[in-house]
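Observations on the three-dimensional arrangement
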Amino acid sequence: MKIAIIGAGNLGLSIAKGILGTNGATSMVLTKRDLSGLKEVEKYGNVSTTTNNREAVSKADVLIFAVQPGQFVKILEEVKDLLTQEHVVISTITGFSISRMEEVIGKDHSIIRAMPNTAISVGKSMTCICNNEKGASKVDLAKAIFNRMGHCMQIPEGQMQAATVICASGVAFWMRLIRATTQGAIQLGFDAKEAQELAMHTCNGAASLLIESKSHPENEIDKVTTPRGCTISGLNEMEHQGLSSSLIRGIVASFDKINEIKKG
């Protein structure tokens, strides 16, 4: 694949590293107004950088846009005359609908929306994608790109707001749970560094266990809860204090807010 990343800031650069680190492109061109921050990708021999978006588009088949929302329409207008039927347009811009993109470049182009999260920088993103009618044939291509940086799921565009809460905001929710577990471990006598190490690797193990075994959380909980044991005592106290309810209410509050922002 010949890939261009238009807007190689933090997200764009993370995507570039994920693709290049797994040999996912025959060539790549990155654009940015200030190229000084892109020196680290020079170790890959098949990469070039430029400040010229039109140049990048002319050298690529897959175009990944990772620019600021306020710049996106201007950039699409700038390059739309270069777009062919062979191009795949992938947007990572939050809240920018497929219909708005089609208004600028037309419905006869393959358009994919992708919503990765910040774990993409370590190759562990949960990325959700959706597509326009023309882009249906390119969904597998988009999945192949983002599966190199974690896990990818195709969803209807109407669920992208909800996916933003679960996957993007969700990183912060899980960080808070890990932090709370760390504080609990400190209270039980571990120093701060040990406590965080225990918490984050236990969290990683729990998620990996579900992913690898394809099991349900309650099945795994049953394996470690014995009658009158310490695990069930802890779980029941957490539920008495509203753990599950608080998480669900927080997720719903975040979803309500994102929809309020969209309407505004």
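Residues numbered from 1 in each chain as written. Predicted model: local features only at pLDDT ≥ 70, side-chain atom pairs only at ≥ 80, totals over all residues. Heavy atoms only, no water.

The name given to the chain in an unreviewed UniProt entry is Pyrroline-5-carboxylate reductase, and the organism recorded there is Arenibacter aquaticus. Of the chain, the UniProt comment under Subcellular location (unreviewed entry) reads exactly: "Cytoplasm". As its UniProt record puts it under Sequence similarities (unreviewed entry), the chain is described as follows: "Belongs to the pyrroline-5-carboxylate reductase family." (UniProt positions renumbered as here; feature names shortened; annotations may be inferred.)

For the rest of this paragraph, the subject is the pattern of salt bridges. A full pass over the atoms with the stated rule returns seven salt bridges. Across the pair Glu 55 and Lys 59 runs a salt bridge whose closest N-O atoms are separated by 3.0 Å. In this structure Lys 59 comes out as partly exposed when scored by relative accessible area, which is 40%. The residue Glu 260 makes a salt bridge to Lys 257 at a minimum N-O spacing of 3.3 Å. A residue pair is termed a helical-turn pair when its members lie 3 or 4 positions apart in one helix, as Glu 260 and Lys 257 do in helix α10 (residues 243–263) at three residues. Classification of Lys 257 by relative accessible area gives partly exposed; the value is 44%. (Salt bridge = Lys/Arg side-chain N within 4 Å of Asp/Glu carboxyl O. Buried < 20%, exposed > 50% of the residue type's maximum accessible area, 1.4 Å probe, protein only. Helix = DSSP H or I, 4+ residues; strand = E, 2+ residues; numbered from the N terminus.)

Another aspect to go through is the UniProt feature "binding site: NADP(+)" (unreviewed entry) in the chain. According to UniProt, the feature "binding site: NADP(+)" (unreviewed entry) maps to Ile 6, Gly 7, Ala 8, Gly 9, Asn 10, Leu 11, Ala 66, Val 67, Gln 68 and Pro 69 in the numbering used here. Examined against the element boundaries, Asn 10 turns out to sit in helix α1 (residues 10–20). The class for Asn 10 is exposed, based on a relative accessible area of 73%. Among the structural elements, Val 67 can be located in the loop between β4 (62–65) and α3 (69–79). When its relative accessible area of 11% is taken as the criterion, Val 67 is described as buried.

To continue, consider the domain arrangement of the chain. If you check the domain split of the chain, you get domain 1 (2–155) and domain 2 (164–263). Taking only C-alpha atoms, the centre of domain 1 and the centre of domain 2 are 33 Å apart. In this assembly, five residues from domain 1 lie in contact with four residues from domain 2. In total, about 410 Å² of surface goes out of reach between domain 1 and domain 2, with carbon and sulfur atoms giving 76% of it. (Domains from an automatic or database assignment. Contact = heavy atoms within 4.5 Å. Buried area = accessible area lost by both parts, 1.4 Å probe.)

Once that is clear, we can look at the side chain of Asn 53. Mapped onto the secondary structure, Asn 53 falls in helix α2 (residues 53–58). On the basis of relative accessibility, which here comes to 11%, the residue Asn 53 falls in the buried class. Here the side chain of Asn 53 touches Thr 31 through a polar contact of 3.0 Å, side chain to side chain. Within the structure, the side chain of Asn 53 is placed 3.5 Å from the side chain of Glu 78, a separation counted as a polar contact. Excluding residues that lie within four positions of it along the chain, Asn 53 makes contacts with Ile 6, Thr 31, Ile 75, Glu 78 and Val 79. (Polar contact = N/O pair within 3.5 Å; in protein donor to acceptor, adjacent residues only side chain to side chain.)

This brings us to the packing of aromatic side chains. All told, the structure shown has two aromatic pairs when counted by the stated rule. Here the aromatic rings of Phe 65 and Phe 72 are separated by 5.4 Å at their centres, their planes lie at 55°, and the arrangement is tilted. Aromatic pair Phe 72 and Phe 96: ring centres 4.8 Å apart, planes at 75°, arrangement edge-to-face. One end of the pair, Phe 72, is in helix α3; the other, Phe 96, is in the loop between β5 (88–91) and α4 (98–105), and 24 residues separate them in sequence. For the pair Phe 72 and Phe 96, a shared accessibility class is recorded, and that class is buried. Put simply, the rings of Phe 65, Phe 72 and Phe 96 pair up and form one aromatic cluster. Above the face of the Phe 96 ring, Arg 100 is positioned so that its terminal group lies 3.9 Å from the ring centre. (Phe/Tyr/Trp six-rings, centres within 6.5 Å; stacked < 30°, edge-to-face > 60°. Lys NZ or Arg CZ within 6 Å of the ring centre and 35° of its normal.)

This next bit is on the UniProt feature "domain: Pyrroline-5-carboxylate reductase catalytic N-terminal" (unreviewed entry) in the chain. What UniProt calls "domain: Pyrroline-5-carboxylate reductase catalytic N-terminal" (unreviewed entry) maps, in this numbering, to residues 2–93. Summarising residues 2–93: 30% helix, 24% strand, and an end-to-end C-alpha distance of 21 Å.

Looking now at the nonpolar core. Counting residues in hydrophobic clusters, the biggest one holds 29 residues, and the most contacted among them are Ile 6, Leu 63, Phe 65 and Phe 72. Aside from chain neighbours lying at most four places away, what touches Phe 72 is Phe 65, Val 67, Ser 91, Ile 93, Phe 96 and Met 101. Core analysis: the second largest hydrophobic core is formed by 28 residues, Ala 16, Val 62, Ile 90 and Met 149 among them. (Core = buried A, V, L, I, M, F, W, Y, C linked by side-chain atoms within 4.5 Å.)

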